[in-house]
Amino acid sequence: TAINQIMEDSHGNIWFAGREGVDKYDGKYITNYGTENRLLHKWVFCLLEDKKGNLWFGTEIGLSKFDGKCFTNYSIEQGLKGQAINALLEDHHGKIWIGTTSKGVYSFDGNSFTHYDPKYSVSHPIILGMLEDKNNNIWLCTGRGLNKFDGKFFTWYTTEQGLSNNIVKNVLED
């Protein structure tokens, strides 16, 4: 099966996101978590461990949070209208940022979702990657350039501003 992302958690476990859920390798054994464990969907594209130790899984139809014992799922019913989730990020405030394949980006403060609609904010509905820089700007990699969110406004960077290509998959701060 394809592996979409690999992550080491704060306990030293290695997590693999794939098409049959998520696998945890504890150094000795591999344990699979799937829909039978209440994971929202078996196709998992991205992983995140937040500052509290919760694990977040971006799936084909929404978001799952795993506290080590139970899954909490977020999808259309909870206000997350994006389809598959490509990217996850926790910012310095503890907000979870969710990059989708068709609805742009959301932030989640633990209680409710805020949608940044591609019609009015981000340059493209497909979010491929995210980063928070040392100045607390959120950078979004999209199918139409790079977007910087300063907490109030979005600034778009495309080939018109000097990018070599408008499809940006990842960003790294040095």
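The following paragraphs examine the structure supplied in this document. As the structure is a computational prediction, the values presented were derived from the model and not from experiment.

Our next topic: the overall build of the protein. Per the secondary structure count, the protein includes zero helices and 16 strands. Relative to the compact-globule value of 16 Å for 174 residues, the protein shows a C-alpha radius of gyration of 16 Å, a close match. Taken along the three principal axes of its C-alpha coordinates, the protein extends 50 × 35 × 30 Å. Burial analysis of the protein (174 residues in total) assigns 44% to the buried set. Considering only residue pairs separated by 6 or more positions, the protein has 36% of its internal contacts joining residues 24 or more positions apart.

In this section: the nonpolar core. In globular proteins that are soluble, nonpolar side chains generally tend to be buried together. Trp56, Leu63, Leu80, Leu88 and Ile98 are the most contacted members of the largest nonpolar core, which totals 13 residues. Secondary-structure elements contributing two or more residues to this core are β5 (44-49), β9 (85-90), β10 (96-100) and β11 (105-108). Excluding residues that lie within four positions of it along the chain, Leu80 makes contacts with Gly62, Leu63, Tyr74, Ser75, Ile85, Ile98, Tyr106 and Phe113.

A few words now on the sheet that holds strand β16 (residues 154-157). Strand order in the open sheet made by the four strands is β13-β14-β15-β16, with antiparallel pairing throughout. Bordering the open sheet on either side are β13 (127-132) and β16, each of which pairs with just one other strand. Here the average twist between neighbouring strands, direction ignored, is 20 degrees. Relative to β16, strand β15 (residues 145-149) runs antiparallel, the two sharing four bridges.

We now examine the packing of aromatic side chains. In the structure shown here, the tally under the stated rule is 19 aromatic pairs. Aromatic pair Phe149 and Phe154: ring centres 4.4 Å apart, planes at 25 degrees, arrangement stacked. Exposure remark for Phe154: the relative accessible area of 18% places this residue in the buried category. Linked through ring pairs, Trp15, Tyr33, Phe57, Phe66 and Phe71 together constitute an aromatic cluster. The ring of Trp43 is capped by Arg19, whose NZ or CZ atom sits 5.0 Å from the centre of that ring.

Criteria and thresholds
- Residues numbered from 1 in each chain as written.
- Predicted model: local features only at pLDDT ≥ 70, side-chain atom pairs only at ≥ 80, totals over all residues.
- Heavy atoms only, no water.
- Helix = DSSP H or I, 4+ residues; strand = E, 2+ residues; numbered from the N terminus.
- Rg over C-alpha atoms; globule rule 2.2 N^0.38 Å.
- Buried < 20%, exposed > 50% of the residue type's maximum accessible area, 1.4 Å probe, protein only.
- Contact = heavy atoms within 4.5 Å.
- Core = buried A, V, L, I, M, F, W, Y, C linked by side-chain atoms within 4.5 Å.
- Pairing = 2+ DSSP bridges.
- Axes fitted to C-alpha atoms, helices over the stretch in contact; angles between N-to-C directions.
- Phe/Tyr/Trp six-rings, centres within 6.5 Å; stacked < 30°, edge-to-face > 60°.
- Lys NZ or Arg CZ within 6 Å of the ring centre and 35° of its normal.

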